[in-house]
Amino acid sequence: MCRPEKSRVVADYEAGRDEEGCGGIMGLKFPSSAVEKSRGSSVMVQRSRMKVWMIRATTTVLLWTCVVQLTALGEMWGPRVLKGWPPCFNRPSDSPEAVVEAVTEAVTVSPAPKIVPPPKRIYKNNGYLMVSCNGGLNQMRAAICDMVAIARKLNVTLIVPELDKTSFWADPSEFKDIFDVDHFITSLRDEVRILKELPPRLKRRAELGMVYSMPPISWSNMSYYLNQILPLIKKYKIVHLNKTDARLANNGLPIEIQRLRCRVNYSALRFTSVIEELGRRVIRMLRQNGPFMVIHLRYEMDMLAFSGCTHGCTDEEAEELTRMRYAYPWWKEKVIDSDMKRKEGQCPLTPEETALILRAMDVDPNVCVYIAAGEIYGGERRMASLSSSYPNLVRKETLLEHSELMLFQNHSSQMAALDYLVSLESDIFVPTYDGNMAKVVEGHRRYLGFRKTILLDRKPLVELIDQYNNGSLDWDEFSSSVKAVHVNRMGNPMRRVVIPDRPKEEDYFYANPNECLPSSGQPWTTA
């Protein structure tokens, strides 16, 4: 039981209990003056504490508002502010995070424009098509276009293609590391359903190896896929095509299939934003000095070993290339006569030969020349003649900082993607060998409005070069002959050459996709 002590009652009122203390509960009476006095002091205390509470609440709200605003500003300005802070606030320069930060600072990735995706095509799904591409970037690029067209014709679901990781280049890049995979899927959804991976139940089957796998026949028409491949897909539900290079014919296909191949190549296969932005940056740097030319100088070690072309190499280099050719079992041709092959026009031009031809064609020696290639075999010794003739010679490695290219190291396909973008935008494109990149870029430049592409005819050129070097032709005769050979080889409109039953010898579809090209106003010629 509470005691009716005056000090306790006053204390209870000062604590704000107002008639809830012991005295009130027990019904005891006290002098009214003491009660009134204590009530007055209690009201004052309550008001004072209310003000303090309101001030604290208001301050808390203001502080939280400031924190939210500063956090938002920190995300926008933080990296720029921290750049000026002492090193202890920065990451180690050799860490992966630092590499990403360096590339991000150098390449400001602008958001891709929002494009309303086309409506989905509704069709009965006949099964799932998995594909493993083989070869370099542009060989795989063309194969992806073919596989989309095949999936569309067969009414199947295509799984995002797997890229080659076991070839000479040993590039570990996935599809999403090179191409914008989401754009690829959504931009084609009015034609074919594409998934990043198999549905869970089927994925488990695939992981257990319960998939029918096969290489399709090269240069096949659509009847082959309808009559041979589609029944297998319906039977096994999943079919895996483990080879994709040149598995669809150049000619004799429905016009809608040809145009779909172009749509995939020129619209759906967009590089990642990092590659695209870095490519645009290189192009801006080149444009600062006016027009520029790109030489696709296919004179890397793997090209020479594969082709057996050793013209201009030392005996030691020729032996090294031969050993390399024998080391790779999938390079089937082992014994090669280099001189014979060169005279037939089947060897890439050497850097020295390239310099001579460009001078004969009166290419301005002051033009900026970008070399789209990997490491040139023989290094500076083999590049000396070209560098002397065209001193404004640059490469991506000389234009960009090491930190900007660090993410692309040991990723040859991503490096090739950068060269591809620069080659597309050049004022003149000169491939020294008609490999996959040369052909695909040639066709893409035709699609963009027949941009100037000098298609070197190597067989007559080699003969002319030898005649000039042995004194049979003087400079003027040599120069005029070189120009005459290339009058109609500048990327101008030309009908694709069709050779029935010999697809390897006819014009490649992706080098000259007639069915997709714009009207140029120029007369079309034949080769």
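Residues numbered from 1 in each chain as written. Predicted model: local features only at pLDDT ≥ 70, side-chain atom pairs only at ≥ 80, totals over all residues. Heavy atoms only, no water.

Going by an unreviewed UniProt entry, the protein chain carries the name O-fucosyltransferase family protein and comes from Acorus calamus. Per UniProt, the comment on the protein chain under Pathway (unreviewed entry) is "Glycan metabolism." The Sequence similarities (unreviewed entry) field of the UniProt record for the protein chain holds the comment "Belongs to the glycosyltransferase GT106 family." (UniProt positions renumbered as here; feature names shortened; annotations may be inferred.)

Peer 1: Help me out: how do you make sense of the overall build of the protein chain in this one?
Peer 2: Helix and strand content of the protein chain: 22 helices and 9 strands. Taken over 527 residues, the protein chain has a buried fraction of 44%. Sequence separation of 24 or more characterises 77% of the internal contacts of the protein chain that already satisfy a separation of 6 or more. Split by element, the accessible area of the protein chain, about 28,400 Å² in all, is 55% carbon and sulfur. (Helix = DSSP H or I, 4+ residues; strand = E, 2+ residues; numbered from the N terminus. Buried < 20%, exposed > 50% of the residue type's maximum accessible area, 1.4 Å probe, protein only. Contact = heavy atoms within 4.5 Å. Areas by Shrake-Rupley, 256 points an atom, 1.4 Å probe, with all protein chains shown as cover.)

Peer 1: For this particular structure, what's the right way to read unusual backbone geometry?
Peer 2: A negative phi holds for most residues other than glycine; trans holds for most peptide bonds. Residues other than glycine seldom take positive phi values, yet lysine 237 does so here, at roughly 75°. The topology assignment puts lysine 237 in the loop between helix H9 (222-236) and strand S5 (238-241). Phi is positive for phenylalanine 450, close to 55°, though the residue is something other than glycine. For phenylalanine 450, the position within the fold is in the loop between helix H20 (436-447) and helix H21 (458-469). Since its relative accessible area comes to 10%, phenylalanine 450 is described here as buried.

Peer 1: What exactly am I supposed to notice about the nonpolar core here?
Peer 2: Proteins that are soluble and globular tend to have nonpolar side chains buried together. Core analysis: the biggest nonpolar cluster contains 80 residues, and Phe175, Phe184, Val264, Phe271, Leu286 and Tyr370 have the highest contact counts within it. Sorting elements by how many residues they give to this core places helix H5 (residues 137-154) first, with 11 residues. The residues contacting valine 264, other than those within four sequence positions of it, are Cys145, Val148, Phe184, Leu188 and Leu269. (Core = buried A, V, L, I, M, F, W, Y, C linked by side-chain atoms within 4.5 Å.)

Peer 1: Which parts of the structure should I look at to understand the sheet that holds strand S4 (residues 212-214)?
Peer 2: Picture the strands of a sheet paired through backbone hydrogen bonds; they go either parallel or antiparallel. Strand order in this open sheet of 5 strands is S3-S2-S1-S5-S4, and the pairing throughout is parallel. If you trace the sheet from one side to the other, it starts and ends with strand S3 (194-195) and S4, each paired once. Bridge count between strand S1 (residues 128-131) and S5: 4 bridges; the pairing is parallel. The residue bridging methionine 130 from the neighbouring strand is histidine 240, located in S5. Where H9 meets the sheet, it contacts S1, S4 and S5, and its direction lies at approximately 155° from that of S4. (Pairing = 2+ DSSP bridges. Axes fitted to C-alpha atoms, helices over the stretch in contact; angles between N-to-C directions.)

Peer 1: Is there a simple way to think about the environment of glutamine 467 in this case?
Peer 2: For glutamine 467, the location among the structural elements is in helix H21. Separated by 11 residues in the primary sequence, glutamine 467 and phenylalanine 478 place their C-alpha atoms 8.3 Å from one another.

Peer 1: What am I meant to see in the state of the cysteines here?
Peer 2: What is meant by a disulfide is a covalent connection between two cysteines, made through their sulfur atoms. Counted according to the given criterion, the structure contains 2 disulfides. With no disulfide of its own, cysteine 145 lies 8.3 Å from the sulfur of cysteine 262, the closest cysteine sulfur. (Disulfide = S-S within 2.5 Å.)

Peer 1: Sorry, what's going on with the packing of aromatic side chains here?
Peer 2: The geometry of two aromatic rings is summed up by the distance between their centres and the angle between their planes. In this structure the tally under the stated criterion is 15 aromatic pairs. Taking the centre distance of 4.2 Å and the plane angle of 25° together, the rings of tyrosine 266 and tyrosine 447 count as stacked. Placement of tyrosine 266 in helix H10 (residues 255-268) and of tyrosine 447 in helix H20 is noted, with a sequence separation of 181 residues between them. Residues tryptophan 475 and phenylalanine 478 carry aromatic rings whose centres are separated by 5.6 Å and whose planes lie at 50° to one another, so their mutual orientation is tilted. In this pair, tryptophan 475 and phenylalanine 478 both sit in helix H22 (residues 475-485), 3 residues apart, roughly one turn of the helix. Note on phenylalanine 478: relative accessible area 0%, which makes it buried. (Phe/Tyr/Trp six-rings, centres within 6.5 Å; stacked < 30°, edge-to-face > 60°.)

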